[in-house]
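Structural characterization, general
Spelled out from the first residue to the last, the chains are:
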Amino acid sequence: MPRPEAPPAAVPAQAGPAVVPFSQFVLKMHSRCDLACDHCYVYEHADTSWRGKPRAVSERVLVRAAERIGEHARAHRLAAVHVVLHGGEPLLAGPVLLRRAAEELRAALPAGCALDLRIHTNGVRLDRTYLELFRELGIRVGISLDGDRAANDRHRRYADGRSSHGQVLAAVELLRGPRYRHLYAGLLCTVDVENDPAAVYDALVALDPPRIDFLLPHATWDTPPKRPPGAGATPYADWLQAVYDRWTARGRPVPVRLFDSVHRTLQGRSSLTESLGLDPADLVVVETDGTLEQADSLKTAYDGAPETGFDLFEHGLDRVARHPAMVRRQSGLAGLSAQCRSCPVVASCGGGLYAHRYRAGREFDNPSVFCRDLMKLITTIRDRAADPHGEAGTLDLELTDAQFDELAAGHGSAETVDALVQAQLRLTKQLLAALAPQAPQAWAVLARLDAEAPQAVDAVLRHPYVRAWAVRCLRGEPFAEPGGLAALAAAVSLRAGAACELAVPVRDGAVHLPTLGRLLVGEPGPVHLSGSAEGFTAGGAAVRWGESAGPHWQPLRRVELTGGGGWTLALEDIDPARAEHQHPVAGRLPEPELQAWTGALREAWELIRRDLPGHAAGLRAGLGVVTPLRPGPAGREVSAAARQAFGAVGIARPATAPTLALLLTHEFNHVKLGALLDRYDLFDRTDARRYHAPWRPDPRPLEGLLQGTYAHLAVTEYWASRARAYDGLASEAADRARTELTTWRGHTRDAIGTLLGSGSLTGPGERFVLGMRAALEPLLAVTP
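Quantities reported herein were computed from a predicted structural model and do not represent experimental measurements. Residue numbers here run from 1 along each chain, matching the order of that chain's written sequence. Local features are withheld for residues below a pLDDT of 70 in this predicted model, meaning they are given only at 70 or higher, and side-chain atom pairs are given and counted only at 80 or more; totals for whole chains, interfaces and linings count all residues. As a convention, hydrogens and water are excluded, and side-chain values are obtained from all of the structure's heavy atoms.

Observations concerning empty space enclosed by the protein
Each cavity reported here is a set of points on a 1 Å grid over the protein atoms alone in which a 1.4 Å probe fits but cannot get out, each pocket an open set with protein on both sides within 12 Å along at least five of seven lines, and each lining residue one with an atom within 4 Å of a point. Grid points are joined across faces, edges and corners, and a volume is the space filled by probe spheres set on the points. Counting across every chain of the model gives five cavities of 30 Å³ or more. For the largest cavity, the calculated volume is near 210 Å³. Taken together, 20 residues line the largest cavity, and the ones lying closest to its centre are Gly277, Asp279, Arg329, Gly350 and Arg357. Each residue is assigned to one of three groups, with Ala, Val, Leu, Ile, Met, Phe, Trp, Tyr, Cys and Pro labelled nonpolar, Asp, Glu, Lys and Arg labelled charged, and all others, Gly among them, labelled polar. Tallied by class, the residues present in the lining of the largest cavity amount to seven nonpolar, seven polar and six charged.

Looking at the side chain of histidine 165
For the purposes of this entry, the term helix denotes a DSSP run of H or I that reaches at least four residues, the term strand denotes a run of E that reaches at least two, and both are numbered from the N terminus. Topologically, histidine 165 is positioned in helix H5 (residues 165-175). Exposure categories follow from relative accessible area, calculated using a 1.4 Å probe and restricted to protein chains: below 20% of the type maximum is buried, above 50% is exposed, and the middle band is partly exposed. Residue classification places histidine 165 among the buried residues on the basis of a relative accessible area of 8%. If we ignore the near neighbours within four places in the chain, the residues touching histidine 165 are Leu145, Gly147, Asp148, Arg149, Asn152 and Asp153. In this description, contact between two residues means that some pair of their heavy atoms is separated by no more than 4.5 Å.

Quick word on the pattern of salt bridges
Criterion for a salt bridge: a side-chain nitrogen of Lys or Arg within 4 Å of a carboxyl oxygen of Asp or Glu. Across all of its chains, the model carries 55 salt bridges by this definition. Between arginine 176 and glutamate 173 there is a salt bridge, and its shortest N-O distance comes to 2.9 Å. Given a relative accessible area of 26%, arginine 176 falls into the partly exposed group. Here glutamate 452 makes a salt bridge to arginine 448, at a shortest N to O gap of 3.2 Å. With glutamate 452 and arginine 448 both in helix H16 (residues 440-452) and four residues apart, this pair spans about one turn of that helix. With a relative accessible area of 35%, arginine 448 lands in the partly exposed category. Within the structure, one salt-bridge network assembled from shared partners comprises Lys28, Lys53, Glu287, Asp289, Glu293, Asp296 and Lys299.

As for unusual backbone geometry
Note the cis peptide between glycine 87 and glycine 88, where omega equals 20°. Positionally, glycine 88 belongs in the loop between strand S2 (80-86) and helix H2 (94-108). For aspartate 208, which is not glycine, the phi torsion reads 55° and is therefore positive. Note on placement: aspartate 208 falls in the loop between helix H6 (197-205) and strand S6 (212-215). You will see that threonine 515, though not glycine, has its phi angle at about 75°, which is positive. Locating threonine 515 in the fold gives a position in the loop between strand S11 (510-513) and strand S12 (517-520).

Some points on H6
The set of residues buried in H6 consists of Pro197, Val200, Tyr201 and Leu204. Down the axis of H6, the smallest arc covering the buried residues is 95°, so these residues share one side. Lining the buried residues of H6 we find helix H4 (149-153), strand S5 (184-190), S6 and helix H7 (235-249). Among the residues of H6, the N-terminal cap falls to aspartate 196, whose side-chain oxygen and the backbone nitrogen of alanine 198 are separated by 3.0 Å. In this description, the arc belongs to the directions extending from the helix axis to the C-beta atoms. N or O atoms closer than or at 3.5 Å make up a polar contact, with two conditions inside protein: a donor-capable atom paired with an acceptor-capable one, and, for residues adjacent in sequence, both atoms drawn from side chains.

Focus: the nonpolar core
Counting residues in each nonpolar core, the largest one holds 102 residues, and the members touching the most others are Leu27, Met29, Val81, Leu85, Phe134 and Phe214. The leading source of residues in this core is H7, at seven residues. Among residues more than four places away in sequence, those in contact with valine 81 are Ser23, Phe25, Ile69, Ala73, Leu109, Cys113, Ala114, Leu115 and Asp116. Listed in part, the 71 residues of the second largest apolar core include Val421, Ala661, Leu706 and Val782. Among the buried residues, those of types Ala, Val, Leu, Ile, Met, Phe, Trp, Tyr and Cys that are joined through side-chain atoms within 4.5 Å form a nonpolar core.

Notes on the sheet that holds strand S21 (residues 648-651)
The strand order across the open sheet formed by five strands is S17-S18-S19-S21-S20, and the pairing between neighbours is mixed. Edge positions in the open sheet fall to strand S17 (557-561) and strand S20 (639-640), since each of these has one partner strand only. One requirement defines pairing of two strands: DSSP has to find at least two bridges between them.

A look at the environment of valine 42
Here valine 42 is to be found in the loop between strand S1 (24-28) and helix H1 (59-75). Expressed as a C-alpha distance, the spacing of valine 42 and leucine 298, which sit 256 residues apart in the sequence, is 9.4 Å. Beyond its immediate sequence surroundings of up to four residues, valine 42 is in contact with Asp47, Trp50, Asp296 and Lys299.

Focus: the packing of helix H23 (residues 702-725) against helix H24 (residues 732-756)
Only the stretch in contact is used when a helix axis is fitted, and all axes are lines through C-alpha atoms; the angle between N-to-C directions ranges over 0 to 180 degrees. One can describe the packing of H23 onto H24 by two numbers: an axis separation of 8 Å at closest approach and a directional angle of 150°. Overall, the two elements H23 and H24 adopt an arrangement that is roughly antiparallel. For the element pair H23 and H24, the recorded crossing hand is left-handed. Across the interface between the two elements, Leu702, Leu705, Leu706, Thr709, His712, Leu713, Val715, Thr716, Trp719, Ala720, Arg722 and Ala723 from H23 touch Arg736, Ala737, Glu740, Leu741, Trp744, Arg745, Thr748, Ala751, Ile752, Thr754 and Leu755 from H24. A breakdown of the residues in the contact of H23 with H24 according to their chemical character gives 14 nonpolar, five polar and four charged. Roughly parallel covers angles under 35 degrees, roughly antiparallel covers those over 145, roughly perpendicular covers 65 to 115, and oblique covers all other angles. For any helix crossing, the convention is left-handed if the near helix is rotated counterclockwise from the far helix by under a right angle, and right-handed if that rotation is clockwise.

What to know about the packing of helix H21 (residues 613-622) against helix H22 (residues 657-677)
Between H21 and H22, whose axes approach to 11 Å, the crossing angle comes to 65°. Remark: the crossing between H21 and H22 carries left-handed chirality. Contacts between H21 and H22 involve His615, Gly618, Leu619 and Gly622 from the former and Leu664, Thr665, Phe668, Asn669 and Lys672 from the latter.

Concerning the confidence of the model for the chain
Per-residue confidence from the predictor is given as pLDDT, running between 0 and 100. Per-chain confidence: the chain averages 89 in pLDDT, with 95% of residues scoring 70 or above. Low pLDDT, under 50, characterises residues 1-17; the predicted model gives this stretch 57 contacts beyond four residues in sequence or across chains. In this model residues 387-394 is a low-confidence stretch, pLDDT under 50, and it forms 28 contacts with partners more than four residues away in sequence or in other chains.

Structural notes on the side chain of threonine 515
Here threonine 515 falls in the buried class, since its relative accessible area comes to 5%. Reaching out from threonine 515, the side chain makes a polar contact with the side chain of arginine 495 at a distance of 2.9 Å. Residues in contact with threonine 515, not counting those within four places in the same chain, are Ala459, Val460, His463, Arg495, Leu556 and Arg558.

Description of the pairing of strand S7 (residues 283-286)
Along a regular strand, successive side chains alternate from one face of the sheet to the other. A two-sided burial pattern is seen for S7, the buried positions comprising Leu283 and Val285 on one face and Val284 and Val286 on the other. Pairing analysis gives four bridges linking S1 to S7, with the strands arranged parallel. If you follow leucine 27 over to S7, its bridge partner there is valine 286. Bridge count for S7 against strand S8 (residues 291-293) is two bridges, and the pairing is antiparallel. Across the sheet, residue valine 286 finds its bridge partner in S8, namely leucine 292. Hairpin connection, S7 to S8: the antiparallel pair is bridged by four residues, and glycine 290 has positive phi, about 90°.

Some details on the packing of aromatic side chains
Two rings from Phe, Tyr or Trp (for Trp, the six-membered ring) form a pair when their centres are within 6.5 Å of each other. A pair whose planes differ by under 30 degrees is stacked, one over 60 is edge-to-face, and the rest are tilted. Summed over the entire model, instances satisfying the criterion amount to 19 aromatic pairs. Ring geometry for tyrosine 244 and tryptophan 247: centres 5.7 Å apart, planes at 55°, overall tilted. Of this pair, tyrosine 244 and tryptophan 247 both sit in helix H7, separated by three residues, roughly a single helical turn. Accessibility classification places tyrosine 244 together with tryptophan 247 in one group, the buried group. Here the aromatic rings of phenylalanine 404 and tyrosine 680 are separated by 5.4 Å at their centres, their planes lie at 65°, and the arrangement is edge-to-face. Taken as a pair, phenylalanine 404 in helix H14 (residues 401-408) and tyrosine 680 in the loop between H22 and strand S22 (690-691) lie far apart in primary sequence, 276 residues in all. A single burial state applies to phenylalanine 404 and to tyrosine 680, both of which are buried. An aromatic cluster of three or more residues is present, and its members are Phe214, Trp239, Tyr244, Trp247 and Phe259.

Quick notes on the sheet that holds S11
With antiparallel pairing, the three strands of this open sheet are ordered in space as S11-S12-S16. Bordering the open sheet on either side are S11 and strand S16 (553-555), each of which pairs with just one other strand. The mean angle between the axes of side-by-side strands here comes to 15°, regardless of whether they run parallel or antiparallel. Relative to S16, S12 runs antiparallel, the two sharing three bridges. Note that in S16 the partner of arginine 518 across the bridge is glutamine 554.

Dropping the structure here:
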C-alpha cells in the first residue's frame, strides 16, 4: 500500500499508552474479483479468509466505517485521511455502494480534515459511467497493470485464460483523456523477473501516468520468490536496476515511488511506501464484514495472519492501534531482527515489507526474503548518488533551517541563493554525465577541463539553458541532440584558453557557443571547430579575441549594473535553447533596443536596491540571464520563468523601469521556488485536484498555486513599497499603488489559506507556506 508523501501531524487526545493514529484506511468494497491473477495474495496465497466474507460491503458497514474514521480523525486532529476503496475488485460493488461510501466518508470527517479518496482497480470494468461518478465524487483511480501485453498476460488473466490487457488499456486511455486526467492516480506493476524490464517500463511510461509503483511479488521464507536458473543471486535487484537506469537516462519523466523512496530514505527522510524505511505503520483494513485487519500483504504469510479480533461495531480505532501486532509494526528499528539492526542500509531498507520477513517458527523476526536484492539495489543507487558523474537528476542541496525560512519569506541572502546555484550546477553536471555515452569525445574534453580549468567549466555549465537543453536531450525531444555537448566543450575550451579540435553542430545556420555567442556559418553541420587562446575558426569563418570579427560573429551581450557590489546580467537573444519560456522569444536585439534594455535594467536595479532590499542580494547571486520576449498583445506585460532554466527570466521590456523591477523580483521568486522543489517535497505530488487561484479564471494544480502565491508575495511587497513612497500624496500613480496593494495582498492571503487548507502540504511544505504567511503579515498592516 503506498503511503502519503508525509503523514499528517497528529496529537493524541487521551492519556494512556501512546497511539500512532491511523491516517490510511483500506475499505474493502467487494471480496471477489473478476480476474484470476495467479500472483494475487488475496486468493492464491496462504490466507483463505476471503471465502467467509460477504461478497459486497453492506451500507451498515459503510456508515459505521465512516463514523469510526471521523471520530479517529477528530480525536487525533488529523489534517487529512487517505482512504482506498479496494477489493477483490471494488468496481464489482457497483455505483450505488461506491457513491454511498464517498458520501458517508465526506459527511463524517470533521471540518479542516481533508479526504484523499482513491479506488484501486484492475481496470477491466472501468468505463465512462464509473469515471463520471468518480469525477462527481472526487475519487482518484489507480490501476494495476504489469506492463506490455506479454508481461501483463503472464499473470493478469481471466479464469478461462483470456487476456485482460486490451480492456485495461482502453480504460487507461479514457482515464488519461482531458475530462478525467485529474482523476488518474497512477499505475501499479508487480515485478516478474522473467519479463523484459525495458519493455515493461516503456509500456507503462507510454501511458503517461502521474506515478508508477513497482511492487516486489509477495513471498516469504517458507514460500520464496522465484529465482530463474542463471538469473544470479539478486535477480529482483538486477531487474529493478535496469528499470532505474532507463528511468534515469531519460530524465526521470515520471515519479517512481520505489526509487523516490530509496532516494529519500538515503537522505534521512521519510519513505513513500511501507515496503521501505523505518516509518511507523499507520494503515488499517476494513473488511466487507466490518472486521478490522492489518495490511492485506500479511495474507501471504499464513492463514489468518492479518486478523486482529476487532471489528467496527464493538471497537474503536485507538484500540486497534494498540494491538500488539500493530505496535510491533510501529516500533521502527527496535522491531527489526538483529541482522537488520546491524545492517548499514537499515534506515533505507527498514527490513523490507513486513509480510516478506515471515518464516514459520521465527514469525517475523527475520530479514526480508528479498534481503540481498534490497541491499544491492539500495547500495547501487547510493553509490551512484555519491558520484557526481554517476547519476542524472539527483539534487544535492542541504539548507539550514534559517536559509529555508529566508526563502519562505520570499527573499534569500547571497549565501542562501548561492547554495541553490551550486546545487543546480551539480545537477546540470549529472544530467550531462547521462549524455556522455552519446558524445564520448566531447565528454572527455569536459572531464579533462573540469580538472584543469574548473572555473571555466562552471561558468559555462551555470548558463541556464544548458540544463534545459540537457533535459530535452534526455527526453528525446526534437532539435535536442547530444552533439551539442561538443559546443559546450568548445565554449569551455575557449574560455580556458585551451586548444581544442571538435566537430560542433550547426543549428539554424549557426554554431552556438553557450556564454560566448554564435558564429553564422551558413551551411549545414556539423562543422570542424579549431580553437586556441587567440580565438577559433569554424565553417571557414575566424574569430580573433580582441578584434572585430565582422557580422558573422554575434557575441552574447552583457549589462554591467553598479552599486550594491555590482552585477552583470547577460541579455540572451541568441541561444536556441532559450525557447523554454511560455511566450515567444525576441530575436537578436538591434542596437537601439539593446541600449533601451541597458538603461531600463540599470534603473530597475537601483530601484530594487532602494525599495526592495530583501530581494537584492539574492538576485545578484542567482540571476544571470534575462531573455527578451516578444511584446504581448496591446502592450500587455509579459514575463515568465522556466522550470528547467535556473538563473534566467524571460521578459518583454515594459514601458517603465519600476515595472521591470516588479517583473524581475516576481519571476525570480519562481526561479528560487523551482530550485527548492528540485530538492524538497513541499506537497503531495499525487494530488491532481485543481484549486482556485484568485488572480486567474481557471483553477490551478497545487504546484501552480504554490508557485503563483510565492511569486505574488514579491508583487505584494513591491506595491507596498510604492504605497509607502506615495504616502500622503494624491495622484493617479498613488491611487494605482494603493489599489494594486489592496488587490494583491488580498489575493496572496486567500491563496495561502487555500494552500494550508489543501491537506496536501508536507511538513516542509507547511513550514514554507507558514513562512510566506508570516512575511505577508506586515504587508497587511500597510495603510493603502
